[in-house]
Amino acid sequence: MTKTTDIVALNDWQAVGNVDEIMSGKRRNTRLLGQDIIVEMDGEHPRMFEANADGGMGTEHPAQIRYGHIWVTLGTPAKPPLDMPEFKEDGRRLVSCGAVTVRASALRIVENFLDISHFPYVHTGILGEEPITEVTDYKFEVRQPDDEIWATDCNFFQPQAAASAEGGQVSEYKYRVSSPFVTVLYKTCPVVEGAWDLVGIFVQPCDEGVCDVHTFMLVFDDASSYTDLVHFQHEIFMQDRSILENQRPTGLPLSPGHESAIKADGSSMLYRRWLRQKGLTFGTFQGDEDSEAA
Amino acid sequence: MENASKDTWYAIGGSSSLYPGDVQPVHLLRVERVVWRDGTGKSHVWHNRCIHRGMRLQYGFVDGDRLACRYHGWRFAGDGKCAYIPAHPDMTPPDDFCVSSSPAAEAAGLIWTTIGSPAGPPPDLSEFSTLTFCRSIAINCAPAVVEAHATATQFAPFAAATPATSFSSRHPAPGVIVVEADSGEALVLAVQPASNVKTHLHILSTAPVAGADIPVLRRHVSAWARQFRWRVENRVDQAHTETETAREPRR
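Quick caveat: nothing in here was measured; it's all calculated off a predicted structure.

1. Brief notes about the overall build of chain A
Logical step 1: Across its full length, chain A carries six helices and 14 strands.
Logical step 2: Rg of the C-alpha trace for chain A: 19 Å, near the compact-globule value of 19 Å for 294 residues, within the 12% margin.
Logical step 3: In chain A, of all internal contacts separated by at least 6 residues, the share reaching a separation of at least 24 is 61%.

2. Looking at the domain arrangement of chain A
Residue and element names in this part refer to chain A.
Logical step 1: By domain assignment, chain A separates into domain 1 (7-72) and domain 2 (86-278).
Logical step 2: The centre of domain 1, based on its C-alpha atoms, is set 25 Å off from the matching centre of domain 2.
Logical step 3: Between domain 1 and domain 2, the residue contacts involve 15 residues of the former and 16 residues of the latter.
Logical step 4: Secondary-structure elements contributing two or more residues to the side of domain 1 that touches domain 2 are β1 (14-18) and β2 (27-32).
Logical step 5: Examining the composition of the side of domain 1 that touches domain 2, we find that four residues originate from one element, β1, more than from any other.
Logical step 6: The class makeup of the residues in the side of domain 1 that touches domain 2 is six nonpolar, six polar and three charged.

3. Quick notes on the domain arrangement of chain B
All names here are of chain B.
Logical step 1: Domain annotation for chain B reports domain 1 (10-113) and domain 2 (132-233).
Logical step 2: Taken over C-alpha atoms, the centre of domain 1 sits 29 Å from the centre of domain 2.
Logical step 3: Between domain 1 and domain 2, the residue contacts involve 14 residues of the former and 11 residues of the latter.
Logical step 4: Counting only elements with at least two residues in the side of domain 1 that touches domain 2, the list comes to β1 (10-14) and β2 (23-28).
Logical step 5: Element by element, the count of residues in the side of domain 1 that touches domain 2 is highest for β1, at five residues.
Logical step 6: Across the side of domain 1 that touches domain 2, the residue classes tally to six nonpolar, seven polar and one charged.

4. Structural notes on the interface of chain A and chain B
Logical step 1: Listed per partner, the contact involves 20 residues of chain A and 20 residues of chain B.
Logical step 2: Here the side of chain A that touches chain B takes three residues from helix α3 (residues 119-122) of chain A, the largest share from any one element.

5. Digging into the packing of helix α2 (residues 106-114) of chain A against helix α5 (residues 266-278) of chain A
Helix-helix packing: each pair is described by the crossing angle between the helix axes and the interaxial distance.
All names here are of chain A.
Logical step 1: Orientation of α2 relative to α5, taken along the N-to-C sense of each, is 150°, at an axis distance of 9 Å. Taken as a pair, α2 and α5 cross one another with a handedness that is right-handed. Of the residues in α5, those in contact with L107, V110, E111 and L114 of α2 are S267, S268, Y271 and L275.
Logical step 2: Classifying every residue of the contact of α2 with α5 by side-chain character gives five nonpolar, two polar and one charged.

6. Description of the pairing of strand β13 (residues 167-173) of chain B
Residues and elements named next belong to chain B.
Logical step 1: Bridge count for β13 against strand β14 (residues 176-181) is five bridges, and the pairing is antiparallel. Pairing of R170 across the sheet is with V178, part of β14.
Logical step 2: The antiparallel pairing of β13 with β14 creates a hairpin that spans two residues between the two strands, and G175 there sits at a positive phi of about 80°.

7. Concerning the sheet that holds strand β11 (residues 110-113) of chain B
Residues and elements named next belong to chain B.
Logical step 1: Spatially, three strands are ordered β1-β11-β10 in an open sheet, and the strand pairing comes out antiparallel. The outermost strands of the open sheet, each flanked by one partner alone, are β1 and β10 (104-107). Sheet twist, expressed as the average angle between the axes of neighbouring strands with direction ignored, equals 30°.
Logical step 2: The pairing of β1 with β11 spans four bridges and is antiparallel.

Rules used throughout
- Residues numbered from 1 in each chain as written.
- Chains lettered and ligands numbered in written order.
- Predicted model: local features only at pLDDT ≥ 70, side-chain atom pairs only at ≥ 80, totals over all residues.
- Helix = DSSP H or I, 4+ residues; strand = E, 2+ residues; numbered from the N terminus.
- Rg over C-alpha atoms; globule rule 2.2 N^0.38 Å.
- Contact = placed C-beta atoms within 7 Å.
- Domains from an automatic or database assignment.
- Nonpolar A, V, L, I, M, F, W, Y, C, P; charged D, E, K, R; others polar.
- Axes fitted to C-alpha atoms, helices over the stretch in contact; angles between N-to-C directions.
- Left-handed = near helix turned anticlockwise from the far one by under 90°.
- Pairing = 2+ DSSP bridges.

Right, here's the structure in full:
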């Protein structure tokens, strides 16, 4: 496909690479919203160009560095990327887990990130386990003025909540969706009492059904090695990917009635409603359900 | 798929190849289905899509007489109705939480299904006093090409004292080809049109064997099947000049 005409998707910031991986002089040839792009560092400054048909550099677009990643836009965003003040706190480690390609809609990827009730089945023995499968009531809302989705008071028993966890614990989660393709969770830190660890995904929608997912952790954990932390995150994400690439239809249906929902899906139903109100179409299901999925 | 029709029963595998607790994907006329056998031995053919978040049910697991979705563990009873939702253990799922199902039947050692509404039951193969399911084989060719080759094929009878000298073929039902040797022994070939470029062939033999001879028969027929696949995929029998449609895009 060619560059999308979805102005909601275009007028937003998306992470398209890790700063450390795009060292000065190196380029990342990648794709964003159906457009081939070139991302590079010019000294300390990130730059992004549309790639011409011959591979040459075309129109330049805005680029900036936040949270260890290069954020770019093909449009004119009304607001900057999300604010995460935790990145200024002492004692935290930023662990960037790299980009993982997933053949799925960015919206299905974000929705799965918000979902708790799959833990016992997809992340068995790590983030959940039968018979403790119940999802208790939690709160979810759109917070203004930032127009972000927040889900709070999400509690779930977990056999191994984090790389640093020893034994099971009831973890409390808070979820935050700051833009259609960017989401972060705040989770009970198993090491520092009263603290929250952050885990987030910056989804780079390459095409309607293909994404590069940039995952990071911002945690209090001096004991685990960098490798152990990345392995933990990758194990979880590979399990999610096996689901995400097998959901049909590929696009996320935004209208109620296409897929059945229960109370535990409150935050995902709010996410779908929020996307519909924005008028986002990239990565949504548009067709006749039976034509693709019958 | 010129010879394929929506309202036709097609074999999708041997009954003996689907054990209780098995869950397998089915591709028929470019649509996806899932076939599974419950703990009581009954087989079910459903749409390959969970009603909750669209997850392919082929990755699910059988829990007694229910199929569980791999994503959230929703349990579906044999009639397709959702019976249990682990996230809300005390909730009774509403009646409209139901996976769509397709007709399924087992006859002549095969599992049959359809994506339409056939007028009658699956093909009647009761004319054969012995019918042994031998194996299924996937062939990377259009169903029409496979059928054309099957109609013209020959085979070495398992039970004949001397090799057969002549062969005849007939279509007792759409998608079913009987190739008969003058010795009286026949191969029954059930064609499953998966897509424009993929065909599954389910192979039965009428050789009068039982007990310990069945595995020997299966090996004998398997050797024929591998050679047949090679001949079809390489167009060795040049009588057929069907043009392959372009490869379907990955979906």
